Amino acid sequence: MKLLSIAIPCYNSQDYMRHAIETLLAGGEDVEILVVNDGSKDKTADIAAEYQQKYPTIVRAINKENGGHGDAVMTGLKNATGLYFKVVDSDDWVDEECLKRVLAQLRAFTEQKEEIDMLICNYVYDKVGVKHKHVMQYRHAVPQNRVFDWNETRFKIGEYLLMHSVIYRTQVLRDCGMVLPKHTFYVDNIFVYQPLPYVKSMYYMDLDLYRYFIGRSDQSVNESVMVKRVDQQLRVTRHMIACQDLDALKNEKRLRAYMLHYLSTMMAVSDIFLLLDGSAEAQAKKADLWKYLKENTKPDVYRAIRYGFGGITNLNFPKGDTIVVGCYRIAQKIFKFN
């Protein structure tokens, strides 16, 4: 069994996938790199085969029909043999020295016959043209360098676990029953939300492991692209509403509070991109989303989101929508996303 399986979902990734793979090779024989070719039409499959031939005990090339990013992640998970599992997008990369330190810690847990459900590291917004890169770190939200549970977490507004920041124990992902929808962007939000009630033990290393590249015009997180694909964002948000009963987590207050705030944020994000669209159809979709939330959650969950953080996009007075979009623009400048 490998220590860490790393899935790289690839679709027409010939121009940048080599860099991702090369940085992961620093993990040596402790890792298996699953290059999942999601029906690419360029030389992605050839590059994956090249690396598999050169590193047969580390790299596995997996070819499949196109099913989208989430389906490629699920294919990687199905084929993973590692005790732990991580996803690295094909246009991103990892810091090689940080990867070695993470593997050393995971190896230590294995040698001590101790398993953790999730390991957390920092990630860096590596945005094109920005000199000072924004680091998303968690040193004030969770304990460092020791095992902890949800009762010791202190996440604030704006502190979220993303796919980039987590390494799951592989069995946790299989046990939680997660199925990422096909042909849908933004499923990374489901990946770091649905399994959380199955996560009982965590460990945080204050390392800038993951480099999250932002800058290609066709990238899924490009603002204009997100507005065009808002229906996929809505699909993901509805999935998150339906996949967990937050009311059932009342005895796990910190976990429930974190998941409630995350879902609130997803509601706000969905609303903002509908506001940016600005059409009458988008306004109707916004109303339908809130109706779906009300019909598929308990009343206290709905009220907490509607009249809490998630409801900040519903300012029912003149120029309210303009104020919401303006606040989004300010946050965009501060955190350098999109």
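All figures in this text were calculated on a predicted structure; none of them were measured in a lab.

Visitor: Which residues make up the packing of aromatic side chains, and what are the values?
Guide: All told, the structure shown has 16 aromatic pairs when counted by the stated rule. With a centroid separation of 6.4 Å and 15 degrees between ring planes, the pair formed by Tyr-51 and Tyr-55 is classed as stacked. Of the residues examined, Tyr-51 reaches a relative accessible area of 4% and is grouped as buried. Owing to a relative accessible area of 25%, Tyr-55 belongs among the partly exposed residues under this scheme. Arranged with centres 4.7 Å apart and planes meeting at 50 degrees, the rings of Phe-155 and Tyr-258 form a pair that is tilted. Residue Phe-155 is located in the loop between strand E8 (147-148) and strand E9 (166-169), and its partner Tyr-258 is located in helix H9 (residues 253-277); the two are separated by 103 residues in the primary sequence. For the pair shown, Phe-155 and Tyr-258 are each scored as buried. A network of ring pairs unites the aromatic residues Tyr-138, Trp-150, Phe-155, Tyr-160, Tyr-193, Tyr-204, Tyr-258 and Tyr-262 as a single cluster.

Visitor: Which residues make up the pairing of strand E10 (residues 202-214), and what are the values?
Guide: Side chains on a regular strand alternate between the two faces of the sheet. E10 sits mainly inside the fold: 10 of its 13 residues count as buried. Of the pairings in the sheet, the one linking strand E5 (residues 93-94) to E10 comprises 2 bridges and is antiparallel in character. Counterpart to Trp-93 in the pairing with E10 is Arg-211. Looking at chain direction, strand E6 (residues 118-127) and E10 are connected through 9 bridges and run parallel. Bridge pairing in E10 places Lys-127 opposite Ile-214. Examined bridge by bridge, E8 and E10 share 2 bridges and lie antiparallel to one another.

Visitor: Give me the lowdown on unusual backbone geometry, citing residues and values where you can.
Guide: Positive phi values are uncommon outside glycine, yet Asn-145 reaches one of about 55 degrees. As for its position among the elements, Asn-145 is in the loop between strand E7 (134-136) and E8. Of note in the backbone geometry, Tyr-186 takes a positive phi value of approximately 70 degrees without being a glycine. For Tyr-186, the location among the structural elements is in the loop between helix H5 (170-175) and helix H6 (188-191).

Visitor: Go over H9 with me, naming the residues and quoting the values.
Guide: Between its terminal C-alpha atoms H9 stretches 36 Å, which fits the 36 Å expected from 25 residues at 1.5 Å a residue. Of all 25 residues in H9, 19 are buried, a share of seventy percent or more. In the stretch just after H9, Gly-278 is the one whose phi turns positive, near 80 degrees.

Visitor: Give a detailed account of the packing of helix H8 (residues 230-243) against H9, specifying residues and quantitative values.
Guide: Contact geometry of H8 with H9 gives a least axis separation of 10 Å together with a crossing angle of 160 degrees. Taken together, the axes of H8 and H9 lie roughly antiparallel to each other. Read as a crossing pair, H8 and H9 show a hand that is left-handed. From H8, Val-230, Gln-233, Leu-234, Val-236, Thr-237, Met-240 and Ile-241 reach across to H9, where they touch Tyr-262, Leu-263, Met-266, Met-267, Val-269, Ser-270, Phe-273 and Leu-274. The residue makeup of the contact of H8 with H9, split by class, is 12 nonpolar, 3 polar and no charged.

Visitor: Please provide a residue-by-residue account of the pattern of salt bridges, values included.
Guide: Inspection of every chain in the model, using the stated rule, returns 20 salt bridges. In this structure, the salt-bridge partner of Lys-64 is Asp-71, at a minimum N-O distance of 2.8 Å. Taken as a pair, Lys-64 and Asp-71 share a single burial class, namely buried. Residue Asp-206 pairs with Arg-139 through a salt bridge whose shortest N-O separation is 2.8 Å. Here Asp-206 is found in strand E10, whereas its partner Arg-139 is found in the loop between E7 and E8, with 67 residues between them in sequence. On the accessibility criterion, Arg-139 (38% relative accessible area) is partly exposed. Beyond isolated ion pairs, a larger network of salt bridges with shared partners links Asp-247, Lys-250, Arg-256 and Asp-300.

Visitor: How would you explain helix H2 (residues 44-54) if you had to name every residue and give the values?
Guide: Listing the buried residues of H2 in full gives Thr-44, Ile-47, Ala-48 and Tyr-51. One side of H2 holds all its buried residues, which, seen down the axis, span an arc of 100 degrees. Opposite the packed face of H2, turned more than 90 degrees from it, sit the exposed residues Asp-46 and Gln-53.

Visitor: Give a detailed account of a negative patch on the surface, specifying residues and quantitative values.
Guide: Together, Glu-22, Asp-95, Glu-96 and Asp-208 make up a negatively charged patch on the protein surface. By relative accessible area, which is 31% here, Asp-95 ends up partly exposed.

Visitor: Describe the nonpolar core, listing the residues and the values that go with them.
Guide: Tyr-138, Tyr-168 and Phe-191 are the most contacted members of the largest nonpolar core, which totals 106 residues. Looking at which element gives the most residues to this core, the answer is H9, with 10 residues. Beyond its immediate sequence surroundings of up to four residues, Phe-191 is in contact with Val-73, Phe-85, Val-87, Met-163, Val-166, Tyr-168, Leu-173, Met-178 and Leu-180.

Basis of the calculations
Residues numbered from 1 in each chain as written. Predicted model: local features only at pLDDT ≥ 70, side-chain atom pairs only at ≥ 80, totals over all residues. Heavy atoms only, no water. Phe/Tyr/Trp six-rings, centres within 6.5 Å; stacked < 30°, edge-to-face > 60°. Buried < 20%, exposed > 50% of the residue type's maximum accessible area, 1.4 Å probe, protein only. Helix = DSSP H or I, 4+ residues; strand = E, 2+ residues; numbered from the N terminus. Pairing = 2+ DSSP bridges. Expected span 1.5 Å × (residues − 1). Axes fitted to C-alpha atoms, helices over the stretch in contact; angles between N-to-C directions. Parallel < 35°, antiparallel > 145°, perpendicular 65-115°, else oblique. Left-handed = near helix turned anticlockwise from the far one by under 90°. Contact = heavy atoms within 4.5 Å. Nonpolar A, V, L, I, M, F, W, Y, C, P; charged D, E, K, R; others polar. Salt bridge = Lys/Arg side-chain N within 4 Å of Asp/Glu carboxyl O. Arc of directions from axis to C-beta. Patch = residues over 30% accessible without salt bridge, like charges linked within 9 Å, V, L, I, M, F, W, Y side chains within 5 Å. Areas by Shrake-Rupley, 256 points an atom, 1.4 Å probe, with all protein chains shown as cover. Lys, Arg positive; Asp, Glu negative; His and termini not counted. Charge placed at Lys NZ, Arg CZ, Asp CG, Glu CD. Core = buried A, V, L, I, M, F, W, Y, C linked by side-chain atoms within 4.5 Å.

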